[in-house]
Amino acid sequence: MLALKVNGRDYAVDAPDDMPLLWVLRDLIKLRGTKFGCGIAQCGACTVHLDQQPVRSCVLPVGSVGSRSITTIEGVGETETGRKIQQAWLDLEVVQCGYCQSGQIMSAAALLSRQADPDDAAIDAAMAGNICRCATYVRIRAAIKAAAK
Ligand code: FES
Ligand code: FES
């Protein structure tokens, strides 16, 4: 059994060390807001936080998590930064199909937690690994700036 802390709650999961964290979250813990896109760390749909750092959970073996705290889209709104990001997403109606958006929000929240007022270059650098096939990039950038105010 592996001990994990997810969104402030303790879990014991029966999973092999090499199982990707994404499968553990979705299939064993039943937190399905984190999405599978590419499975090879290229799209960002599976982004979660480990101790506030964004990681691609589709390629992260659960055995490497250790004692670090995991935050998913279901829990990020419990933080002040996450709450502001989610409200800005609603206010600016960022979402189109929505599939990529939990990953987008997790990357945006990680950015604002380490840099309170990022400029365009910093936003673009932080969000470059999150792909949106609906091309909501302009609204995402605007929402990050709104949340930063
Ligand atoms: S599903 Fe993990 S980066 Fe695409
Ligand atoms: S909102 Fe559709 S993929 Fe991003």
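Residues numbered from 1 in each chain as written. Chains lettered and ligands numbered in written order. Predicted model: local features only at pLDDT ≥ 70, side-chain atom pairs only at ≥ 80, totals over all residues.

1. As for the environment of Arg-141
Then comes step 1: Considering the arrangement of structural elements, one finds Arg-141 in helix α5 (residues 137–148).
Then comes step 2: Exposure remark for Arg-141: the 18 C-beta atoms within 10 Å place this residue in the partly exposed category.
Then comes step 3: Once the C-alpha coordinates of Arg-141 and Ile-40 are considered, the two residues, 101 residues apart in sequence, prove to be 25 Å apart. (Helix = DSSP H or I, 4+ residues; strand = E, 2+ residues; numbered from the N terminus. Buried ≥ 20, exposed ≤ 12 C-beta atoms within 10 Å, placed from the backbone.)

2. Structural notes on the domain arrangement of the protein
Then comes step 1: The assigned domain composition of the protein is domain 1 (2–71) and domain 2 (76–148).
Then comes step 2: Between the C-alpha centres of domain 1 and domain 2 the distance comes to 20 Å.
Then comes step 3: Sorting the residues of the side of domain 1 that touches domain 2 by element identifies β3 (47–50) and β4 (53–56) as the ones contributing at least two each.
Then comes step 4: The greatest single-element share of the side of domain 1 that touches domain 2, amounting to 3 residues, is contributed by β3.
Then comes step 5: Residue composition of the side of domain 1 that touches domain 2, by class: 5 nonpolar, 8 polar and 1 charged. (Domains from an automatic or database assignment. Nonpolar A, V, L, I, M, F, W, Y, C, P; charged D, E, K, R; others polar.)

3. Remarks on the nonpolar core
Then comes step 1: Counting 38 residues, the largest nonpolar core has Ile-85, Ile-105, Ala-108, Ala-109 and Ile-144 as the members making the most contacts within it.
Then comes step 2: Per-element accounting of this core gives the leading share, 7 residues, to helix α3 (residues 101–114).
Then comes step 3: Each of domain 1 (2–71) and domain 2 (76–148) gives at least three residues to this core.
Then comes step 4: Dropping the residues within four chain positions of it, Ala-108 is found in contact with Ile-85, Met-127 and Ile-144. (Core = buried A, V, L, I, M, F, W, Y, C linked by C-beta atoms within 7 Å. Contact = placed C-beta atoms within 7 Å.)

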